[in-house]
Amino acid sequence: MSSQLDILALEPFYGGGRRHMLETLIRCSRHRWTLLKLPPRRMERRLVAAAAWFGEQISRHGAGRVDVLFTSEAMSLSELFRNVPKLAHKPSVVYFHDNQLPAATTRRESPLDLVNLTTATAANEIWFNSLFHLRTFLAKASALVARHTELASRSPMPELAAKAHLLRPPMDLSAAHDAKLDGVQRNKRLLFIDTRDADAGLLNAALGTIKRRGQAFELVTVGPVDELSGDFARRAVAETDFAGQVRAYREAGVYLSAKP
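Residues numbered from 1 in each chain as written. Predicted model: local features only at pLDDT ≥ 70, side-chain atom pairs only at ≥ 80, totals over all residues. Heavy atoms only, no water.

Undergrad: Can you walk me through the sheet that holds strand S1 (residues 6–11) in this structure?
TA: Strand-to-strand pairing in sheets goes through backbone hydrogen bonds, with the strands running parallel or antiparallel. In spatial order, the strands read S2-S1-S3-S4-S5-S6; together these six strands make up an open sheet with parallel pairing. Taken across any chain shown, the strands that pair with only one partner, and hence form the sheet edges, are strand S2 (32–37) and strand S6 (164–166). Here the strands of the sheet are splayed against their neighbours by 25° on average, with no regard to which way each runs. Note: S1 against S2, six bridges, orientation parallel. By the bridge assignment, Leu8 is partnered in S2 with Thr34. Here helix H2 (residues 43–61) sits on the sheet and contacts S1 and S2; the angle it forms with S2, its principal contact strand, is near 125°. (Pairing = 2+ DSSP bridges. Helix = DSSP H or I, 4+ residues; strand = E, 2+ residues; numbered from the N terminus. Axes fitted to C-alpha atoms, helices over the stretch in contact; angles between N-to-C directions. Contact = heavy atoms within 4.5 Å.)

Undergrad: Where do I start with the pattern of salt bridges in this structure?
TA: By the definition in use, this model includes 13 salt bridges. Between Glu23 and Arg19 there is a salt bridge; the shortest N-O distance is 2.8 Å. Within this pair, Glu23 and its partner Arg19 are both found in helix H1 (residues 16–28), separated by four residues, close to a single helical turn. Linking Glu159 and Lys163 is a salt bridge whose minimum nitrogen-to-oxygen distance equals 3.3 Å. You can see Glu159 and its partner Lys163 sitting in helix H7 (residues 157–163), four residues apart, about one turn around the helix. Assessed through its relative accessible area of 44%, Glu159 is described here as partly exposed. Judged by relative accessible area, Lys163 falls into the buried class, the value being 8%. (Salt bridge = Lys/Arg side-chain N within 4 Å of Asp/Glu carboxyl O. Buried < 20%, exposed > 50% of the residue type's maximum accessible area, 1.4 Å probe, protein only.)

Undergrad: How do you make sense of the environment of Leu219 when you look at a structure like this?
TA: With respect to the helices and strands, the residue Leu219 is situated in strand S8 (residues 218–222). Take Leu219: its relative accessible area is 2%, and that puts it in the buried class. Leave out the neighbours within four places in its chain, and Leu219 touches Leu190, Leu191, Ile193, Leu207, Leu228, Phe232, Ala233, Arg234 and Arg235.

This is how it looks when you write it as structure tokens:
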């Protein structure tokens, strides 16, 4: 195999840690990368439509030479292979930043339940950013297979377990180092909120409760704020301003998540 590969990277949810990982990986890699991406909006839409969008772009414009296909779990890899059959013959890696499989105890069914499972089955290797995510994925996948008799008779679990690997993401700490050198001080009343895919109703209710208690706080947000109540003073950091986000991380006294 050549010491320098041509890698086609597809990221349907290009923001936050996913973006930072890919940027760092590409910058530090000896290989040649082609990156196609979509903004970090509505994970369920990415699972449904991202493969069709990427397939159309590749069919129209080509992707050049491809030695390896590298994607995240935020799309249907099996659907991409149906749309672009030539990619099905290339080695493929899916990086799981998270997983969208249903909880092992759920009894409700959704059309999206099987997307991550079929994606993992279609890939040559599946990489996870933590041992927690790897174990969670295997537990959820096992429960999902058990609930579907047509899958249980020919279970993909032994194959999935064999090709699942822990591969922690690369981290570039230079922005954090710069913020420290700039003397950014922590503000205990500052709440840092990533509003991408957040439950805005839950978030507004929680902030309203804090305000009614008379507790002073400030907000710094990353992501869309259209559904966030205007009753709370805030400042926004652009999704593309990674250095600004790191400074906000260092300054904030609380990191708040409202992701379901």
